[in-house]
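# Summary of structural features
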Amino acid sequence: MSFKHVPEVFFHFLWKYRLLSPDLRSSQGEKIQIIHPGTHNTNAGPDFLFARIRLGDTMWAGNIEIHNKASDWYSHGHDKDPAYNNVILHVVAENNKIAIDQDGREIQTLCIATQFDHELLSRFRDINGNLHWVPCMNMIGQVENINVINRMNALAVERLREKALAVSEELKACGNDWEECCYRLISKQFGSKINTGQFEMLAKTMPVRILMKYHHDLPGLEALLFGQSGLLSIRITESYTRKLKKEHAYLSAKHQLIPMPGYLWKFLRLRPAGFPTLRIAQLARLYEMNQSLLQAIIEKEDLPSLVSLFDVTASSYWDEHYVFEKKGKSSEKKFGTQSIHLLLINAIIPMLHLYGEYMNKPALCERAVSFLEKLPAENNAVIRRWKSIGIIPANALESQGLLQLKNKKCERKLCLECSIGHDILKQQA
């Protein structure tokens, strides 16, 4: 059998999970017993570190290097690299050359071409070579549900840490001002996907400390936010809009503010409830109700109270408007429950987790994870596809895990780095 197009990670998988024949011998004739396969190394250097094997009657401790062809030892330059001088076994699929290290020592070689169940390779090729939405979609039903849930949870925590890292970068950009960072994160989420960049630009035109000065002054907050958005650069006939423009002229001069261009905002292909005019009005209400949003978030110990913090309604002018100067059907313009949940998942919870780490308050980190466990699963195109193949997340923690699984593993066909893929392969062995 040819192993020409078999990736080395497949052989890593065989070694790591001891899926080789128990009767192993080196090409030099020594009997091999794997005591411990070592720690899988995904950085530079040998593939497995701190392994323990018995070669003949001698116990060896050191590193393992794995290649498709033994000659890769030289094409990869390991014979001149001191990092490989502690390799005790060279594991290969095709033994076409003896490996010699930098010190001139011949390294024992294990050829595994006939030392594993080839059904594993067949199954791997079936999974890795198909064009399904996720490679294992026709086989994932064979995996025990608890194993799928464990994988979702682990990947959800990984995703949370990635988001917290992004928050950390935002914090640095804010000069380590947590309140400013909180303001920018929330503002971006108010823009949804279409106006995220525009809300970010709006937040940067005016520090949060200015907004905080106008706590309990909703007209002042609306004047600042709408004026800085550039959306007041229109022909004005209504008294509400006229007052906003006049107030902004005064406040922008007082605080030396420069507004962003109003033409950048997008309204097309948006539901009216998501229009930036309504979202800005709701953001103004949020800061009218809370002088320090960061402190308010930290103080919320249960999910209902955290959700209620963002349960805001735009001012009465917007009951009959979606945009300036144009009346519509009367209704309260609330920041919806689904929007609140997405805000919590994508901004508030990662920020809370990072804040707990920075301030050495593990209870806040635990609270962040518990909020994800209590929020309902997201309802988007990716999650709906997972549901269609029988994988139904019970909460936002699990749906976040499924998004991470799809984006980080399934899209790149990294089945051998996924415990679900392991289960499917090993069940067939």
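The structure contained in this document is the topic of the report that follows.

Reading guide: rules and limits
Counting from 1, residues in each chain are numbered in the order their sequence is written. The model is predicted, so local features are restricted to residues of pLDDT at least 70 and side-chain atom pairs to those at 80 or more, both for listing and for counting; the totals for chains, interfaces and linings are taken over all residues. The side-chain quantities take in all heavy atoms of the structure and omit both hydrogens and water. The helix and strand labels rest on DSSP assignments: H or I over at least four residues marks a helix, E over at least two residues marks a strand, and numbering proceeds from the N terminus. Radius of gyration: over C-alpha atoms. The globule rule applied is 2.2 Å multiplied by the number of residues raised to the 0.38 power. Under the scheme applied here, a residue whose accessible area is under 20% of the maximum for its type counts as buried, over 50% as exposed, and between as partly exposed, the area being computed with a 1.4 Å probe on protein chains only. Contacts: residue pairs with any heavy atoms within 4.5 Å of one another. The protein chains shown are the only cover counted for residues, whose accessible areas, like all others here, come from Shrake-Rupley with a 1.4 Å probe. Note on ring pairs: Phe, Tyr and Trp rings are taken, using the six-membered ring of Trp, and paired if centres are within 6.5 Å. Classes follow the plane angle, with under 30 degrees stacked, over 60 edge-to-face and the rest tilted. For a ring to carry a charge above it, either NZ of a lysine or CZ of an arginine must fall within 6 Å of the ring centroid while also lying within 35 degrees of the normal to the ring plane. N or O atoms closer than or at 3.5 Å make up a polar contact, with two conditions inside protein: a donor-capable atom paired with an acceptor-capable one, and, for residues adjacent in sequence, both atoms drawn from side chains. What a helix should span is 1.5 Å times the count of its residues minus one.

### Regarding the overall build of the chain
- Within the chain, the secondary structure is distributed over 17 helices and nine strands.
- Relative to a compact globule of 429 residues, whose C-alpha radius of gyration would be 22 Å, the chain shows 29 Å and is clearly more extended.
- When its C-alpha atoms are laid out on the principal axes, the chain stretches across 95 × 45 × 40 Å.
- Looking at the chain as a whole, 52% of its 429 residues qualify as buried.
- In the chain, the share of contacts with a sequence separation of at least 24, taken over all contacts with a separation of at least 6, comes to 61%.
- Working note: accessible area of the chain is about 20500 Å², and carbon and sulfur atoms make up 51% of it.

### Examining the packing of aromatic side chains
- Counted by the stated rule, this structure contains 23 aromatic pairs.
- Note on F10 and F116: the rings are 5.8 Å apart at their centroids and 70° apart in plane angle, and the pair reads as edge-to-face. Separated by 106 residues along the polypeptide, F10 in helix α1 (residues 8-16) and F116 in the loop between β7 (109-111) and α3 (118-129) bring together distant segments of the chain.
- Relative accessible area serves as the criterion here: at 0%, F10 is assigned to the buried category.
- For the ring pair Y240 and Y317, a centre distance of 3.9 Å and an interplane angle of 15° mean the geometry is stacked. Here Y317 lies in the loop between α12 (303-309) and β8 (321-323) and Y240 lies in helix α9 (residues 239-255), a separation of 77 residues in the sequence. Both residues of the pair, Y240 and Y317, count as buried.
- It is K97 that lies over the ring of Y74; its NZ or CZ is 5.0 Å from the centre.
- Seen from the ring of Y322, K333 lies directly overhead, with NZ or CZ sitting 4.6 Å from the centre.

### Description of the side chain of S399
- Of note, S399 is situated in helix α16 (residues 396-410).
- For S399, a relative accessible area of 0% gives the class buried.
- A polar atom in the side chain of S399 sits 3.1 Å from the backbone oxygen of A396.

### Comments concerning helix α8 (residues 218-229)
- With 12 residues, α8 extends 16 Å between its outermost C-alpha atoms, agreeing within 8% with the 16 Å of an ideal straight helix rising 1.5 Å per residue.
- Of the positions making up α8, those classed as buried are L218, G220, L221, E222, A223, L224, L225, F226, G227, Q228 and S229.
- Tucked into the core, α8 has its buried residues touching α5 (178-190), α6 (196-204), α7 (208-213), α9 and α10 (276-289).
- Sitting at the head of α8, D217 places a side-chain oxygen 3.1 Å from the backbone nitrogen of G220.

### Focus on the environment of L268
- Considering the arrangement of structural elements, one finds L268 in the loop between α9 and α10.
- Of the residues examined, L268 reaches a relative accessible area of 68% and is grouped as exposed.
- Put simply, L268 and I194 are 74 residues apart on the chain and 9.3 Å apart in space, counted from C-alpha to C-alpha.

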